[in-house]
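Here is how the chains run, residue by residue.
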Amino acid sequence: MSSQRPLSSQRPLVCPILVGRDDLLALADRRRTEAAGGQGGLLFLAGEAGIGKTRLLGSIERRAAIAGFSVVRGGAFPRDVEVAGGVFLDLSRSLAGVPRLREAGVALETRLVSQAPAPSPDRPGANGWDPERSGPDGDLHRRRRILVLDVVDILAGIADGGPVHVSLEDLHWADDLTLEILAALARRLPGLRLQVAATYRSDELYPRVPMREWRTRLLAGRLAEEVRIGRLDLAGTATMASAILGGAVPAPHDLVASIHERSDGVPLHVEELLGVVRATPAADVSVHPLDVPDTLDEAILRRAERLSARARRVAEAAAVIGRSFDPALLAAVIGRPEERLAVPLAELAREFFVTRTPDADRLDFRHALIRDALYARVPAAARRQLHGRVADASAGDPRFGPAFRSVHLEEAGRADDAFEAALEGGRRAAAVSAHREAVELLERARRNAPAGLPPRERATLLAELAVEAAATDANDGADRYFAQAAGLYEAVGDPLAAAALVPARVAVRHLLGDDLGARTERLEAGLRAIDGLPDDRASRAVRARLLAGLSAANMLDRRLDASITLGEASRSLATVAGDEATELDVMATLGSCFVFAGRMDEGWTMLEEVIRRSRGARLEAQTARAHRMIASCASVLVEYDLAERWLREGIEIAERVELWNHRHYMAAHLGHVLWAMGRWDEAERVAGHALSDGRGGITTRITALHALGYVALGRGDLARANELLAEARELGERMAELQRLSPALWGLAEAALLAGDPAGAAEWCRQGEAASSRVADAAYLFPFLVTGTRAHLALGDPAAAGAWVERVSALLARRSIPGTLPAIDHARGLLALARGSTGRARTSLEAARGGWLARRRAWEAGWAAVDLATAHARANRPADARRLVEEAQASALALGSGPLAGAAGALARRLRGRTAVEPAWAPLTARELEVARGIAEGLTNGQIASDLGIAPRTVTAHVEHILGKLGAARRAEVAAWVAGRAVADGAPAPAGAGRAPGAHGERA
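In this text, all values refer to a predicted model and were calculated from it rather than measured experimentally.

> What exactly am I supposed to notice about the sheet that holds strand β8 (residues 324–325) here?
Sheet strands associate in pairs through backbone hydrogen bonding, adopting either a parallel or an antiparallel arrangement. Taken in spatial order, the three strands line up as β8-β10-β9 in an open sheet, and their pairing is antiparallel. Of all strands in the sheet, those bounded by a partner on one side alone are β8 and β9 (354–356). With three bridges connecting them, β9 and strand β10 (residues 363–365) associate as antiparallel partners. Each residue of the ladder has a partner; that of Thr355, found in β10, is Asp364.

> Even after reading the chapter, I still don't get a positive patch on the surface, so can you show me in this structure?
A contiguous patch of positive charge on the surface is contributed by Arg310, Arg313, Arg336 and Arg340. Examined against the element boundaries, Arg310 turns out to sit in helix α12 (residues 309–321).

> Can you help me understand helix α34 (residues 718–735) in this one?
Owing to its 3.6 residues per turn, the α-helix brings residues three or four apart onto one side. With 18 residues, α34 extends 25 Å between its outermost C-alpha atoms, agreeing within 8% with the 26 Å of an ideal straight helix rising 1.5 Å per residue. Among the structural elements, α23 (502–511), α24 (516–529), α33 (697–715) and α35 (738–754) are those in contact with the buried residues of α34. Taken from the residues just after α34, Ala736 is the one with a positive phi, measuring 55°.

> What am I meant to see in unusual backbone geometry here?
Residues apart from glycine generally show negative phi values, whereas peptide bonds are mostly found in trans. The phi torsion at Asp170 lies on the positive side, around 60°, for a residue other than glycine. For Asp170, a relative accessible area of 7% translates into the label buried. Positive phi, close to 65°, is recorded for Arg856, a residue that is not glycine. Within the element layout of this structure, Arg856 appears in the loop between α40 (838–854) and α41 (858–874). Given a relative accessible area of 34%, Arg856 falls into the partly exposed group.

> I would appreciate a short explanation of the pattern of salt bridges in the present structure.
A side chain with one charge may pair with a side chain of the opposite charge, provided their charged atoms come close. What the rule picks out here adds up to 59 salt bridges. For Arg436, the salt bridge is made with Asp176, and the minimal N-O distance between the two is 3.2 Å. On the criterion of sequence distance, the pair formed by Arg436 in helix α19 (residues 435–447) and Asp176 in helix α6 (residues 176–188) is long-range, its members being 260 residues apart.

> Whenever I open this one, the pairing of strand β6 (residues 194–201) confuses me. Can you help?
In regular strands, side chains alternate between the two faces of the sheet. Most of β6 sits out of view: eight of its eight residues are buried. Burial along β6 is two-sided: the residues Leu194, Val196, Ala198 and Tyr200 and Gln195, Ala197, Thr199 and Arg201 are all buried. In terms of strand pairing, strand β1 (residues 41–47) meets β6 through seven bridges, oriented parallel. Looking at β6, one finds that Leu42 is bridged to Val196. When strand β5 (residues 164–169) meets β6, the two strands line up parallel, connected through five bridges. The residue of β6 that forms the bridge with Val166 is Val196. Remark: the β5/α6/β6 crossover connection has right-handed handedness.

What counts and what doesn't
- Residues numbered from 1 in each chain as written.
- Predicted model: local features only at pLDDT ≥ 70, side-chain atom pairs only at ≥ 80, totals over all residues.
- Heavy atoms only, no water.
- Pairing = 2+ DSSP bridges.
- Helix = DSSP H or I, 4+ residues; strand = E, 2+ residues; numbered from the N terminus.
- Patch = residues over 30% accessible without salt bridge, like charges linked within 9 Å, V, L, I, M, F, W, Y side chains within 5 Å.
- Areas by Shrake-Rupley, 256 points an atom, 1.4 Å probe, with all protein chains shown as cover.
- Salt bridge = Lys/Arg side-chain N within 4 Å of Asp/Glu carboxyl O.
- Lys, Arg positive; Asp, Glu negative; His and termini not counted.
- Charge placed at Lys NZ, Arg CZ, Asp CG, Glu CD.
- Expected span 1.5 Å × (residues − 1).
- Contact = heavy atoms within 4.5 Å.
- Buried < 20%, exposed > 50% of the residue type's maximum accessible area, 1.4 Å probe, protein only.
- Right-handed = clockwise from strand over helix to strand, strands pointing away.

Here is the structure:
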């Protein structure tokens, strides 16, 4: 090996130029120009760790400053996911460093730091813990939403005095509140002189990272734009190496190849690896690829070895504090005056380990990977000691809250102190509905809870943790913590506190698959547990909530009588206890029961009262739920105009107050309403968005699958329909609720009929009838009546069809829900048509068609037109038949329905060329044909007379004429003629005779 001498400075170098990012800078320039004109926007810079996001962001900032923008920056750090609003707290300090923005910075910090007072751990009455606290300003969600709006107003105002560029770094570490604020700000940006550029690691978006789904929503809603920063190719690596080495000639090819191979083209890795390479001046270069470290960590640590001992100690202490650190805090941790740190900090900056933030108040490690490597180098014992010093030094400093201190206290092994800080931080997070942060902090409190913590206090902690876990959909954990908390309360002889947890736990168990029986048993056990307790306000409140839970559980399965009885008892208790939230919730349940039970006026009035009172009390959750209930009831009860009105209003309210579960559930129901009204493209768009957004929960998913499945089957895409509806059925069976299961069963039945599988359709209908019959339901049963009738007729079993019609019609008539009654006329018309009673068929089908049109039920109205046209055709009324066929064809065209268009087209072809002089069933008259069909079905003369409404001797005369005209000697020959004539001429045949089973062209 030839001798080598080090580079002139033997120090690490940062590339003086930005390599391979010209297109991204040009895009940022265009967006900055738009922002200067009042059309601001949010630009995401995405890429893996070390790819150069910060470097690119710095270049964008410098160009913005040259263009006259004020430039401010905030960032997230690994532990900020536990600090509500952490990124904007950081931004507030940067704002305060700009003279004209100082007031906004102070206002922003003040508003975020004083988010809400820490909630009391007390529970109602003797125990006081309440997962649904509310106050004069409304519920907790309202207070969080107002906080978000206040912060956005402050941020929007910073651009009043001139354009502003805001940089936000490392959003993959951001907390939920930060992301919620940024999303709200993004909606305001198009009217502001404000450019926001935010970076995040694309390789850090794991499923549980808050930003993952949030980013997707912003991009899908066009509220943000994203660019991906790619790795450098070999040529880019060569350019970068030459710029860093500073030679007059390009960097040696072997060196570049070695660097590129080990860095994979990641710029940070290129810089760090080159920082420790020993090379000779340009003309005397002798390359030794083995001199290139194998890993980034190795390169960083080899560079760190060149630091002075004092600089290394300072760097290690700073790494314990975090990615970003305050010099004053660092001095306190090390135990030296701050001015004594100037020299080692200058050395760390000169050697490119740290950089000073734009506001000059803090320092950052040049990259998180550098900090991580230095942190890992610190011996475990020293780390614990340093973490303890950080916690002690930050105590009492308002810039460092309990969440920050709890991290360091836990790492220091000071469990008791970590418990207190984490508990305080978790409760602060919960007070502003920062659920993910609350879970992390309360989990830390649980881990560090003292062994001697009184059982009641431990139970309270577990109950709070359960509520926050449920809010983040961590249902298994929530269920476990609820059970543990209840067990502790019971062990200390506090059954009221244990019972208070039951409704929330039942809601979690519902999502985990508990059926009605299991949920009911839990709620009833809670009631039994508090029997005999003093009848005070606290016990009444808990009892009211348990009864409200029972009422809601029964309502969801349409056990209306039981739900009403329980709901009225709950309402009475809640009123006496002064628990308005529970009172309003149970009133919404009762109103829903009333409308399903046929007490329409009473039900609608009560639901509207709930909406009015909830708004007045500023109870946003109750307001949204009441809209959800009234709108979904109207949707199910075929009151589509009413449903659309309440759904659109409810969606707007829920979106404005950011109650996304309610918002997307109502959107899914709106998809169903739009499908029913024949607006299929809109239905597909609305339901598809609700399904893809991911914030609606399992009930939203099921409802959206129903709507999308119906659109697919209506268009004839049966494979897609079956896929969607099968998933909905599986989820509905798991939830064991009629309203989740029944719509999927009907869709599968209808799809089977369209596919020529009447036996499958009949079986799905049987299951639907069984599910509804258990609770005497009519609202979900009615579509099965028509589909099941068609299925039995297509199977050639008119007797089964008749029994089906009578049985199901009786259930619908018992409830007498107006929107369901056209199904009775429709089914009876189909049955009469199959029996040859065209007069009765026309009467019933005309009523059905009018009923469906009045109810805006487009799918059944279109088929009723085809069925009625068929009845007219069989009665030798071709003009009326053609008019109805044209109506059905127009409906099919408007809907985009291939199956309906096919059925109408087939009937039109049969009608083409037919005249009244020579009907298809010549030589018989229309009445004789009706009698002949009765003969073909095996009916006696008396039965035929009863069906046709004529005298038995008239039937006898018709039979004689028929035998004579056909030259037949027996009734069996008449039946054979009917079947053969139908196949030959397309004339009506006995149910199932000579017909392809279930073909929708012959749905009648």
